[in-house]
Amino acid sequence: MDANPSRRRRDDDAGLGSSPWREALRTLRHDRTAMAGAIILLLLIGAAVAAPLLTPYHPEKPLDIVALKNLPPSLAHPFGTDQHSRDVWSRMIYGARVTLAVAFLSVLVAVTVGTAYGAIAGYVGGLTDALLMRVVDACLAIPRVLLLIAIATLWQAYSVTGMVLILGLTGWFGVSRLVRTLVVSAREDDFVAAARALGARDSRVLVHHILPRVIGPVLVAATFAVGNVIVVEAGLSYLGMGVKVPAPSWGSVFQEGMGVFTSSIWASSFASAALVVTVLAVNLVADGLRRALNARQLPAR
Amino acid sequence: MRRFLARRLTHGAAVVLIAASLAFVLVHIAPGDPFSTLNNDQLDPRVVEAWRTAYGIDRPLPQQFYSFFRQLAVGNLGLSVSYGRPVSEVLARALPNTLLLMGVALLVSFTAGIAIGAWQAMHRDSVGDRVTGTTSLVIGSLPEFWLGLVLMVVFAEKLHWLPAGGMVDPLHNMLSTGGRIVDRIRHIVLPALTLGLLGTAAIARYQRAALLDVLPQDFIRTARAKGIAERWVVYRHGLRNALVPTIVLAGLSLPTLLGGAVFVETLYAWNGMGSLAAAAFFSRDYYLVLGAVLVGSVMVVVGGILTDVLHAVVDPRVRAR
Amino acid sequence: MHPTTRSTLAALLIFSAACDGGSSEAANDRTEGGTLVVGIQTDIGPLIPPLIRQVDQKLVADQIFEPLAWVGDEGRVDGGFRPAVADSWEWERDSTALVVRMNPGARWHDGKPVRASDVRFTFGLYTDPQVGSVESQALSRIDSVTARDSLTPVFWFGKRYPEQLYDAVARMLVLPEHALASAPRATLQTADFGVKPFGSGRFRVVTWDPKANTQLVADTTHYRGRAKLDRIVFSFTPDPNALVTRLSAGELDVADIISSEHFRTLSTRPDLKAQLLPALDYAFIQFNLRDPKQPNRPHPVFGEPAMRRALTIGLDRDRLVRSQFDSLARVALGPMTHAQALADTMIAPIQHDSAGAARLLDSLGWRLPQGKAIRERAGQPLRFSIIVPNVSRNRMGMVVRVQDAFKQIGVDMQVDALEPNTFIGRLGKRDFDVAFSGNRAEVSLAGLRPYWSVQGADDPTGRNFSSYRNPKFDAHLDSALSAGGMTDARAHASQAFATIVADAPAIWVYEARSATVMHKRIRPAHMVPGAWWIGMSDWTIPAAERIDRDNAGITLTSK
């Protein structure tokens, strides 16, 4: 929306060369809200990586289970202590590792599976397309919570890998629908038809001509999904299906905080705040990405 | 139109069948069965076996699968083991509650979202626009179980304005007709607010973006030059077209509202499909899970078709296709 | 003063104050009326007494139905019962026959009279294997029930045992034969009676909606006089935080509180008061004495009694329990609770001794290598996993504390939080190293047999998941169950408990207290340990303290 119209006309075709990407990047860099979001995200990731430096206590160590449990925030414990007298600040920083890792990786899984599935469906078309998409519709018709409960019950040990797979394999449906739509419309494109008429192999057409068109919207969708999955992870932990006890994640800090909500709102409130800040940052970046990519004048949405 | 409907209905039927089959597989491969938790009591295992036979769950899976769909064809959803009642009866009590909650929540999201989005569009790029945008985003990204509890503690416990959960007052049957209506309204406010606020942010954002797309600057400038209030222009031309993505968004949120509002329903003791399906899964009440998924997916499909029809009605470009 | 003693004293003071207040108040103020709103956390579903498995179902059933006699306030099983359907009873034939005289005025809520044939029918239903009642095991010691005349059922026993009277008059809720005779036995819960229950109790059902509000109203024509309260409403509140909020907001009048955090929050409310009573629930960490991979061989780690003893004394159970529960639980002494009549509460608890535990572990070959935190033996670390049901908040909280406490003595315990169905499944298949189990103690010690007897160990479908085998324990238990009187029974029971505690097939972790929080205007009565609700029909609300909803009145609405 802010892009220079004359610059727009110079980009006669998406998919040839990297100048449209550089355009998008430049737009993004100048987008102040998106940059703010990106900085917040980087700070969070940095804090997670530098966890040992930032935390005075071990996240799983109870300090004094009788005297020091459920303390309100203080200088010694900026986020207070939980019902096991563990320092909540330390748990949140270490928990960021798990939560952010799970969020990014599960979205990666979801996007990979969804893109592949949607691309195949959209490209092949016909009855296969119809059938594949009906399966996706069916999966979308079942609420995600129920799917998560059902799949999490089969898995008994909730390692980070397990959570990534559980969340990723229940989150790819929307992406596949998006990709399929994009692929279907790209398929009609003159350029693609020409390439196929010239005898290019299907895989080459897919990768070289269609996929670049898909990456933009998928990237935007994926970024939004990261924020969404963080909240879903909190919900999973709330149901008791989160990371293995006593490992911290934002979701497990949340769950323990909800258990003492009526007497001390601190833990769950700090977890909420962290969640909100992260989701906000992610959404700002995603919005910025969308604006930047829209400026490249994509084909009919 | 007829061909469109026919095609959508076939698609819908396929979706429902696939969803039901998927649910069947998932609930059966989960370890245990409706009676496995009973092993903890002083029960003769042979008695438990007899129960398994009585409810037909000791048969091989393909046979159970086939018989489920066969009785479905005659409209029989089977028996719920945990309630001892026909599944249709159990669902019939929960479905209206879900529809009511969903309807009011959508109403909240819509009205708040459209109003906020329109206001933001009219005051684009101002401080108010950014602050509102951020605030609605903050509220929209809060986990619903936390938001719900905060609302409950604030409005029910601290302020005593509204009841803390439940669908009706414990002494609802002693109230007059007017009193009963007021009672129901009072009880639906908090859960609908919790669910509705979460969707408001998304709708507001869509509204704002859509309005900004649809109302080019010159349109507004012309209106201003002519002396017509901007608001009038926004309402008349903008909203009608901007309604489209909002409708689409509402369609997308149907599965969540219809069967995924587990946290809100449990927190507010709202007997809805979401908490029913989750509890049924935990107790391996096979037929109840299947019934809930079936009904839920039928509603999602119907909702999707209605959304598309509405979409076509509102947007003539769609009709031309 | 020691903190535990202080809090126990406080609890007792609250309890006695409430009792005193109740009796003098009741003597002065006999006005009837009031509405009690009870918060329940589970869906009571179809209510058919032989099929009851949840505490909340008992809570409601005990208001609608009646047994022949209620358990007395001291919770004794050999006497002190309060007449309900039965007026009196006497023993014949050297205590192998119990002749019960029913009140001729006893009526069902549909007006028909309650007869001995109903009692005989009830016994038949409770003991029918197709019905699968949890009471059937205990009731199997009653040979038969006959009707000497229309108001005199007779219970016939094979031989005498201590809880005879309890089993006969207090265990079963009398059911109307004319309503249930034609119900299918194997699928009894599908009977319409389940959603339209009626009994002979002092309250009758007005609205039946287990997922919302189930409302009962006092039966004004009841043969023992009407209940003091006008109405009781059971309000379904599945979320524990919502339960606390509703109690604080005054929407609920009484609820059972499980979490010590919630209890603490509620004790700060000026208009609420609490009653702490011994309860029947206890939790224990049970070891699998057999190797889960090769069931004929003992467990490589827990097969050795010294190992189990080392782990037991390595835990400061008192501190752990206090940390989790404050005053809502105490350390369990064995597979029993203080609310059980035959429990041996004088048994010496195993003392915490971390130095002793370290010595024991060293002597068993589990040593701490240089610079490492986990003990090793022959290169293998002392690492095992414990399975816990993830729905039990208290056990989940305790397991984290135990895990850390074990870490202090060099033991690495991994936690596997499982969904209840999966948890029970693994228990049943003996596929575990250690399990954090919970039990509801039975009034009779017969409940111990399936869990700890040799027979239960040998039977793969049995409930002796630990595979604990000690014939001496079985012998003591059998003697206790067939003793002549309570004194004899207690002596044998003591020996049984001493045996099993010494063998340590489990670490007995905690014994819950029931914490009933109620509005201060309520005057409870007959609060029996393990069944605080049993005398609800005698609870009162003094007229001077009534609030709006207490004046709803007794007239039934048309709906």
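Residues numbered from 1 in each chain as written. Chains lettered and ligands numbered in written order. Predicted model: local features only at pLDDT ≥ 70, side-chain atom pairs only at ≥ 80, totals over all residues. Heavy atoms only, no water.

### What to know about the pattern of salt bridges
Across all of its chains, the model carries 55 salt bridges over all chains by this definition. Of the charged contacts, one joins Arg85(B) and Glu89(B) as a salt bridge, the two residues approaching to 3.2 Å between their closest N and O atoms. Note that Asp431(C) and Arg426(C) form a salt bridge whose closest N and O atoms lie 3.6 Å from each other. Judged by relative accessible area, Arg426(C) falls into the buried class, the value being 14%. (Salt bridge = Lys/Arg side-chain N within 4 Å of Asp/Glu carboxyl O. Buried < 20%, exposed > 50% of the residue type's maximum accessible area, 1.4 Å probe, protein only.)

### Details of the confidence of the model for chain B
Counting all residues, the mean pLDDT for chain B is 84, and 89% of those residues have values of 70 or more. Reported for the predicted complex are a pTM of 0.90 and an ipTM of 0.89. (pLDDT = per-residue confidence, 0-100.)

### Digging into the packing of aromatic side chains
Going through the model one piece at a time under the given rule, you end up with 31 aromatic pairs over all chains. Here the aromatic rings of Phe302(C) and Phe384(C) are separated by 4.9 Å at their centres, their planes lie at 85 degrees, and the arrangement is edge-to-face. In this pair, Phe302(C) is assigned in the loop between strand E12 (272-287) and helix H9 (305-313) and Phe384(C) in strand E16 (residues 383-389), connecting sequence segments 82 residues apart. Taken individually, Phe302(C) and Phe384(C) each receive the classification buried, so the pair is uniform in this respect. Taken together, Tyr282(C), Phe284(C), Trp452(C), Tyr468(C), Phe473(C) and Trp508(C) form an aromatic cluster joined through their ring pairs. Above the ring of Phe281(B), the side-chain terminus of Arg284(B) is found at 5.3 Å from the ring centroid. Residue placement shows Arg141(C) over the ring face of Tyr161(C); its charged tip is 3.9 Å from the ring centre. (Phe/Tyr/Trp six-rings, centres within 6.5 Å; stacked < 30°, edge-to-face > 60°. Helix = DSSP H or I, 4+ residues; strand = E, 2+ residues; numbered from the N terminus. Lys NZ or Arg CZ within 6 Å of the ring centre and 35° of its normal.)

### Concerning a nonpolar patch on the surface
Residue and element names in this part refer to chain A. Nonpolar side chains collect at one region of the surface, where Leu 42, Ile 45, Val 49 and Phe 104 lie side by side and expose about 370 Å² of accessible area between them. Counting residues per element, the nonpolar patch draws most heavily on helix H3 (residues 32-49), at 3 residues. Along the chain, Phe 104 turns up in helix H5 (residues 88-124). By relative accessible area, which is 36% here, Phe 104 ends up partly exposed. (Patch = residues over 30% accessible without salt bridge, like charges linked within 9 Å, V, L, I, M, F, W, Y side chains within 5 Å. Areas by Shrake-Rupley, 256 points an atom, 1.4 Å probe, with all protein chains shown as cover.)

### With respect to the interface of chain A and chain C
On the side of chain C, 31 residues touch chain A, which itself brings 26 residues to the contact. Between chain A and chain C lies a buried interface of about 2300 Å² when both sides are counted; carbon and sulfur atoms form 47% of it. Seen at the junction of chain A and chain C, the total is 3 salt bridges. Linking Lys244(A) and Asp416(C) is a salt bridge whose minimum nitrogen-to-oxygen distance equals 3.7 Å. Counting across the interface, chain A meets chain C through 11 residue pairs in polar contact (both at pLDDT 80 or more). Here the side of chain A that touches chain C is composed, by residue class, of 11 nonpolar, 9 polar and 6 charged. (Contact = heavy atoms within 4.5 Å. Buried area = accessible area lost by both parts, 1.4 Å probe. Polar contact = N/O pair within 3.5 Å; in protein donor to acceptor, adjacent residues only side chain to side chain. Nonpolar A, V, L, I, M, F, W, Y, C, P; charged D, E, K, R; others polar.)

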